[in-house]
Amino acid sequence: MIVTIDGPAGSGKSTAARGLAARLGFDYLDTGAMFRAVALALLNRGIDPANHVAVEAVLDELLLDMPPGRVVLDGRDVTAAIRAAAVAQTASKVAVVPVVRRFLAAEQRRIAEGRDIVCEGRDQGTAVFPDAACKFFVTADPRARAARRFRELLDKGESVTLEEVLASQHERDTRDTEREDAPLRAAADAVVIDTTDLSADDVVARLEEIVRRCATARL
Ligand code: C5P
């Protein structure tokens, strides 16, 4: 059974997806981490994401592995490295490139095949798994989202201001919602959850209740 969770940056969807997967005993796939890994591969090679021919050549030689809770790129564990703010910005530029979206969507379908899994990202319910059993769109007020990201980055020792986080988030949101290929939006059959005033535990509890109802309805 596939559960999809889509939503903008900082909406709390990763925490919710991880918590939900743990409660259900499902696997968890962070598809944003896959876009970040491709972005890191380009940054490491000094390739501009706008150079689609060069990007495609990198995809041909890239070795991306997603063991539970980790991201391994070309044999190196990059789980922490892909969390840098610069990688996030490049990831959202890489995400507009159709060949990257096709490549990663195929990987995501291959990973999810035959498994009980929570797949989290921007296009999981709309483009990658349109027939998923249960779909969510998790969102929150932009300032609340930026404040969450800001705290995470401070905890990691990055030196940023809240205004910088807000500006970068706005830039990423705009690119994600306005791109032609699989833009960020709620699937018509997704349950929309606004997390602005909800605790992480409340969000997981709400999602779990809905998934259990979905699963029962399918029996
Ligand atoms: O979720 P996260 O912030 O780690 O994702 C990084 C970037 O990857 C996003 O800004 C978005 O542009 C892109 N992405 C995407 N489709 C997905 C997951 C992430 O376009 N399914």
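To keep things clear, this report deals only with the structure shown in the data block. (Residues numbered from 1 in each chain as written. Predicted model: local features only at pLDDT ≥ 70, side-chain atom pairs only at ≥ 80, totals over all residues. Heavy atoms only, no water.)

1. Focus on the overall build of the chain
Part 1 of the argument: The helix and strand inventory of the chain stands at 9 helices and 8 strands.
Part 2 of the argument: Relative to the globule expectation of 17 Å for 219 residues, the C-alpha radius of gyration of the chain, 17 Å, shows essentially globular dimensions.
Part 3 of the argument: On the principal axes, the C-alpha backbone points of the chain span a range of 50 × 40 × 30 Å.
Part 4 of the argument: Across the 219 residues in the chain, those meeting the buried criterion constitute 49%. (Helix = DSSP H or I, 4+ residues; strand = E, 2+ residues; numbered from the N terminus. Rg over C-alpha atoms; globule rule 2.2 N^0.38 Å. Buried < 20%, exposed > 50% of the residue type's maximum accessible area, 1.4 Å probe, protein only.)

2. A short note on helix H3 (residues 52-61)
Part 1 of the argument: For H3, the full list of buried residues reads Ala54, Val55, Val58 and Leu59. Along the axis of H3, the buried positions cluster into a sector of 145°, meaning they face one direction only. Exposed residues on H3 whose side chains face more than 90 degrees from its buried face are Val53 and Asp60.
Part 2 of the argument: For H3, the secondary structure elements touched by its buried residues are helix H2 (31-45) and helix H5 (98-112). (Arc of directions from axis to C-beta. Contact = heavy atoms within 4.5 Å.)

3. Describing the sheet that holds strand E2 (residues 27-30)
Part 1 of the argument: The 5 strands lie next to each other as E2-E6-E1-E7-E8, forming an open sheet whose pairing is parallel. Looking along the sheet, the strands with just one partner apiece sit at the ends: E2 and strand E8 (191-194). Neighbouring strand axes in the sheet, compared pairwise and without regard to direction, differ in orientation by 20° on average.
Part 2 of the argument: Sheet strands touched by H5: strand E1 (2-6), E2 and strand E6 (117-121). Its angle to E6, the strand with the most contacts, is close to 160°. (Pairing = 2+ DSSP bridges. Axes fitted to C-alpha atoms, helices over the stretch in contact; angles between N-to-C directions.)

4. Looking at the pairing of strand E7 (residues 134-139)
Each regular strand shows side chains that alternate between the opposite faces of the sheet.
Part 1 of the argument: Here E7 lies mainly inside the structure; 5 of its 6 residues are buried.
Part 2 of the argument: With 4 bridges connecting them, E1 and E7 associate as parallel partners. Each bridged residue has a counterpart across the sheet, and for Asp6 the counterpart in E7 is Phe137.
Part 3 of the argument: Pairing of E7 with E8 involves 4 bridges; the strand directions are parallel.

5. Concerning the pattern of salt bridges
Part 1 of the argument: All told, the structure shown has 18 salt bridges when counted by the stated rule.
Part 2 of the argument: When the shortest N-O distance is used, the salt bridge between Arg175 and Glu171 registers 3.5 Å. Pair noted here: Arg175 and Glu171 are both in helix H8 (residues 162-178), with a separation of 4 residues, about one helical turn.
Part 3 of the argument: If you follow the salt bridges from partner to partner, you end up with Arg23, Glu208 and Arg212 in one network. (Salt bridge = Lys/Arg side-chain N within 4 Å of Asp/Glu carboxyl O.)

6. Description of the packing of helix H1 (residues 13-24) against helix H9 (residues 200-218)
In a pair of packed helices, the angle between the axes and the distance between the axes together describe the arrangement.
Part 1 of the argument: The interhelical angle for the contact between H1 and H9, taken along N-to-C directions, is 55°, at an axis separation of 9 Å. Classified by the interaxial angle, the pair formed by H1 and H9 is oblique. Classified by chirality, the crossing of H9 by H1 is right-handed. Contact residues: H1 offers Thr15, Ala16, Gly19, Leu20, Arg23 and Leu24, while H9 offers Ala200, Val203, Val204, Ala205, Leu207, Glu208, Val211 and Arg212.
Part 2 of the argument: A per-class count over the contact of H1 with H9 returns 9 nonpolar, 2 polar and 3 charged. (Parallel < 35°, antiparallel > 145°, perpendicular 65-115°, else oblique. Left-handed = near helix turned anticlockwise from the far one by under 90°. Nonpolar A, V, L, I, M, F, W, Y, C, P; charged D, E, K, R; others polar.)

7. Some thoughts on the nonpolar core
Part 1 of the argument: In terms of nonpolar packing, the biggest core is built from 37 residues, with Leu62, Leu64, Met66, Val71 and Val100 touching the most fellow members.
Part 2 of the argument: When contributions to this core are tallied by element, the ones reaching two or more residues are H2, H3, helix H4 (85-94), H5 and E6.
Part 3 of the argument: Top contributing element to this core by residue count: H2, with 9 residues.
Part 4 of the argument: Looking at this core, you find at least three residues from each of domain 1 (1-26 + 116-219) and domain 2 (30-115).
Part 5 of the argument: When sequence neighbours within four positions are dropped, the list of residues in contact with Val100 reads Phe35, Val38, Val55, Leu59 and Val94.
Part 6 of the argument: Membership of the second largest hydrophobic core comes to 19 residues, among which are Met1, Phe26, Val118 and Val203. (Core = buried A, V, L, I, M, F, W, Y, C linked by side-chain atoms within 4.5 Å. Domains from an automatic or database assignment.)

Any functional reading would require information beyond the geometric quantities listed.
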